[in-house]
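# Examination of the molecular architecture
If you want the building blocks of each chain, they are given just below.
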Amino acid sequence: MGNAELLSIHVHPVKAFRGQAPREAVVEPWGLAGDRRWALIDDGGKVVTQRQQPRLALAAAELLPGGGLRLSAPGLEPLTVAVPDPVGTVSMEMFRDKVEGVLADAAAHAWCSAYLGADIRLVHMDDPATRRPVDPQYALPGETVTFADGYPLLVTTVASLDALNSLIADGEHATEGPLPMNRFRPNVVVAGTDPWAEDGWSRLEIGEVAFRVAKTCGRCVVTTTDQATAGRGREPLHTLGRHRRLGGKLVFGQNLVPLTRGTIRVGDPVRVTG
């Protein structure tokens, strides 16, 4: 894997919204700077993602200096949202986790509610160093994460997507392929590996930053959502179910936890160190 390199970087300022693809990003202990520091919750305090609302694929969030947002979505005027003052928190439910966050202003809630046609609130994670620990089954002491599904970063490889698309092309839902990488919503995409090489990784370096591999990434219905249209199909879950089932999960990609801080850049060499 001597020629492996970082092909692209993806930051999603609001969980479930379309993200950005910067040329470089700062790696913090809980993930890429600005990644998934915001999330939506419903009137019961539960997180709202593309699982429930595939139309979130069509909403975009641009990160502004200082951590604020510029939101845009079909049919709505763009809205700028400032980072709220952490004067108090609201309790929210993220899968099995109880997490504290800070509510955005009323205009943000109105904008998100109008787009989804439901009572929706926008929440900011004020202190990712303390708010949400990584799953202790796969964590080292003190590791935390933002509003990402469970781990600070997700890595995928071009070779594995190519292999998956070949399997889809040979299957009964061939017309749904080939799928683009954005179906998997990774943070970092690596080129120059063998297919499924990431299955054997336990440590790697991207440029100057070291990471450990926490676990393979189990995939959900979001991967069947076309990120350009919000339409849903059968793939890739149908093919993953036949070829990439591990421990009861359908897997693609690996979850990473940073071991050091630093900046990663598109074109950085990627080295497997364990």
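Residues numbered from 1 in each chain as written. Predicted model: local features only at pLDDT ≥ 70, side-chain atom pairs only at ≥ 80, totals over all residues. Heavy atoms only, no water.

### Side note on the sheet that holds strand β6 (residues 60-63)
Applicable threshold: Strand pairing follows a simple DSSP-based rule, namely that at least 2 bridges must link the two strands. Counting from the N terminus, the helices are DSSP H or I runs at least four residues long and the strands are E runs at least two residues long. Axis geometry follows a simple rule: fit a line to the C-alpha atoms, using only the stretch in contact for helices, then measure angles between N-to-C directions, giving values from 0 to 180 degrees.
Strand order in the open sheet formed by 3 strands is β6-β7-β8, with antiparallel pairing between adjacent strands. Looking at the sheet topology across the chains shown, the edges are occupied by β6 and β8 (76-81). When the angles between neighbouring strand axes are averaged without regard to direction, this sheet yields 15°. The pairing of strand β7 (residues 69-73) with β8 spans 4 bridges and is antiparallel. Bridge pairing in β8 places R70 opposite T80.

### Brief notes about the packing of aromatic side chains
This is how it is decided: In this analysis, rings of Phe, Tyr and Trp, with Trp reduced to its six-membered ring, are considered paired at centre separations within 6.5 Å, and the interplanar angle assigns stacked below 30 degrees, edge-to-face beyond 60, and tilted for intermediate values. The cut-offs for exposure are 20% and 50% of the maximum accessible area for each residue type, with area from a 1.4 Å probe on protein chains only; residues under the lower value are buried, those over the upper are exposed, and the others partly exposed. Both a distance and an angle decide whether a charge sits over a ring: NZ of Lys or CZ of Arg must be within 6 Å of the ring centre and within 35 degrees of the ring normal.
Overall, the coordinates contain 4 aromatic pairs when judged by the stated rule. Pairing Y138 with Y151 gives two aromatic rings, centres 6.5 Å apart and planes at 70°, and the pair type is edge-to-face. With a gap of 13 residues between them, Y138 in the loop between β11 (121-124) and β12 (153-157) and Y151 in the loop between β11 and β12 connect regions that are remote in the sequence. Taking relative accessible area as the criterion, Y151 reaches 10% and is therefore assigned buried. Centroid distance W196 to F252: 5.9 Å. Interplanar angle 90°. Geometry classified as edge-to-face. Placement of W196 in the loop between β13 (188-191) and β14 (203-206) and of F252 in strand β17 (residues 249-258) is noted, with a sequence separation of 56 residues between them. With respect to class, W196 is no different from F252; both count as buried. Following the ring pairs from residue to residue traces out a cluster consisting of F184, W196 and F252. The lysine or arginine in question, K215, covers the ring of Y138, its NZ or CZ lying 5.4 Å from the ring centre.

### Details of the pattern of salt bridges
To keep it simple, the criterion reads: Any carboxyl oxygen of Asp or Glu within 4 Å of a side-chain nitrogen of Lys or Arg constitutes a salt bridge here.
Going through the model one piece at a time under the given rule, you end up with 10 salt bridges. A salt bridge links K15 to D149; its shortest N-O distance comes to 2.5 Å. One end of the pair, K15, is in the loop between β1 (5-9) and β2 (24-28); the other, D149, is in the loop between β11 and β12, and 134 residues separate them in sequence. Residue class for K15 comes out buried when judged on its relative accessible area of 4%. By relative accessible area, which is 39% here, D149 ends up partly exposed.

### Brief notes about the pairing of strand β10 (residues 97-103)
Sheet analysis places strand β9 (residues 90-94) next to β10, joined by 5 bridges and oriented antiparallel. Among the inter-strand pairings, E93 is bridged to a residue of β10, identified as K98. The turn linking β9 back onto β10 is made up of 2 residues, and F95 within it adopts a positive phi angle of 60°. Two elements, β10 and β11, share 2 bridges in a ladder whose sense is antiparallel. In the strand pairing of β11, L103 is matched with V123.

### A short note on the nonpolar core
Selection rule: The definition of a nonpolar core used throughout is a set of buried Ala, Val, Leu, Ile, Met, Phe, Trp, Tyr and Cys residues joined through side-chain atoms within 4.5 Å. Two residues form a contact once any of their heavy atoms are found within 4.5 Å.
Among the nonpolar cores identified, the biggest contains 24 residues, and V14, F17, L40, L71, V81 and L122 are the most heavily contacted of them. The element best represented in this core is helix α1 (residues 106-116), accounting for 5 residues. When sequence neighbours within four positions are dropped, the list of residues in contact with V14 reads W38, A39, A61, L69, L71 and L122. Residues V27, V188, V209 and I264 belong to the second largest nonpolar core, which totals 20 residues.

### A few points about helix α2 (residues 158-169)
Filter applied, for reference: Helix span is expected to be 1.5 Å times the residue number reduced by one.
Given a rise of 1.5 Å per residue, 12 residues ought to cover 16 Å, and the 16 Å separating the end C-alpha atoms of α2 matches this to within 8%. Those residues of α2 that fall on the buried side of the exposure criterion are A159, S160, L161, A163, L164, N165 and I168. Against the buried residues of α2 lie β12, α3 (237-243) and β17.

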